[in-house]
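# Structural features, examined
Here's the letter readout for the chains.
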Amino acid sequence: MINFSKYADGLAPVIIQDAATQQVLMLGFMNAEALAKTKAEGRVTFYSRSKQRLWTKGETSNNFLLVKEILEDCDADTLLIRAAPQGPTCHTGTASCFGTANDTFSLQALEQVIRDRKNNPTEKSYTASLFAKGINKIAQKVGEEAVEIVIEAKDDNKELFLGEAADLMFHYLVLLQAKGFQLGDVLEVLEARHKK
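In this numbering scheme, every chain counts its residues from 1 along its sequence in written order. Totals for whole chains, interfaces and linings use every residue, but because this is a predicted model, local features are given only for residues with pLDDT of at least 70 and side-chain atom pairs only at 80 or more, for both listing and counting. Each side-chain value is worked out from all heavy atoms of the structure, with water and hydrogens disregarded.

### Observations concerning the overall build of the protein
- Helix numbering and strand numbering both begin at the N terminus, where a helix is a DSSP run of H or I of at least 4 residues and a strand a DSSP run of E of at least 2. Along the backbone of the protein there are six helices and six strands.
- Of the regular secondary structure in the protein, the N- to C-terminal order runs β-β-α-β-β-β-β-α-α-α-α-α.
- Counting only C-alpha atoms, the protein reaches 65 × 45 × 30 Å along its principal axes.
- Each residue gets one of three labels from its accessible area relative to the maximum for its type: buried under 20%, exposed over 50%, partly exposed in between, using a 1.4 Å probe on protein chains only. Here the protein, with 196 residues, has 36% of them falling under the buried criterion.
- For the protein, contacts bridging at least 24 residues in sequence account for 48% of all contacts bridging at least 6.
- Under the convention used here, a 1.4 Å probe and the Shrake-Rupley method define accessible areas, while residue burial counts only the protein chains that appear. Accessible surface for the protein amounts to roughly 11800 Å². Of this, 55% is attributable to carbon and sulfur atoms.
- Of the side chains in the protein, 23 bear a positive and 26 a negative charge, and the two mean positions are spaced by 5 Å. Whether two residues are in contact is decided by their heavy atoms: any pair within 4.5 Å suffices. Counted as positive: Lys and Arg. Counted as negative: Asp and Glu. His and the chain ends are not counted at all. Lys charges are placed at NZ, Arg charges at CZ, Asp charges at CG and Glu charges at CD.

### So, the UniProt feature "domain: Phosphoribosyl-AMP cyclohydrolase" (unreviewed entry) in the protein
- UniProt positions are given in the numbering used here, feature names are shortened, and annotations may be inferred rather than shown by experiment. In the numbering used here, UniProt assigns the "domain: Phosphoribosyl-AMP cyclohydrolase" (unreviewed entry) feature to residues 26-98.
- Across residues 26-98, helical content stands at 14% and strand content at 38%; the span's end C-alpha atoms are separated by 7 Å.

### Comments concerning the pairing of strand β3 (residues 45-48)
- Of the two faces of β3, the one lined by Thr45 and Tyr47 and the one lined by Phe46 and Ser48 are each fully buried.
- As defined by bridge partners, β3 adjoins strand β4 (residues 53-56) across four bridges and the pair is classed as antiparallel. Considered in β4, the bridge of phenylalanine 46 is made with tryptophan 55.
- Pairing between strands requires that DSSP locate at least two bridges from one strand to the other. The loop that links β3 with its antiparallel partner β4 comprises four residues; one of these, glutamine 52, has a positive phi angle of about 55 degrees.

### Brief notes about the nonpolar core
- Membership of the largest hydrophobic core comes to 17 residues, with the highest contact counts inside it found for Val14, Ile16, Met30, Val44, Phe46, Leu65 and Ile81.
- Elements that contribute at least two residues to this core include exactly β1 (12-18), β2 (24-30), α1 (32-41) and β6 (79-85).
- Each residue touching valine 14, except ones within four places of it in the same chain, is listed here: Met26, Leu27, Gly28, Phe29, Met30, Phe46, Leu79 and Ile81.
- We define the nonpolar core as a collection of buried residues of types Ala, Val, Leu, Ile, Met, Phe, Trp, Tyr and Cys that are connected through side-chain atoms lying within 4.5 Å of one another. Grouped together as the second largest cluster of nonpolar side chains are twelve residues, Leu110, Leu173, Val174 and Leu175 included.

Here it is, written out as structure tokens:
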């Protein structure tokens, strides 16, 4: 249990880390009420020293930090929260408040692009057009790509096989977003199975 009374203002430092990439995203502060709200809602809520009130990260931008794990340090006076960022963490639009860019391509980065196409559709976006067609068409597309990778698996053309694997992975991520899930949710299921 975090010892908030250790600090004169009752605010303990909180380090936010991307649960998928391990990148440090930001530092904030919490009091007991902010921690309780964070645990109850699953979204990181800080105590804003400038606003002098509870502040849920993303309350105006929708770039929430979804809690995956909360850890205390050995002295019970600092928290580490591993979270899934729902967009840029920093108000400047960067992934991290420390000015580090997360330009390494990853499935998590692709998920963020897909989520952005879902939330901010444009006419030129293939991904947005998939969301516009609805869940049945998205699921059908995943089925088509699954059949195509099976066909390519029977041959020895590496380029075609990997191309179909990429198509299947992309459309699978679109389907997850359409259903309101993320790859991290699937990884949690796999992790639970692995522990059995």
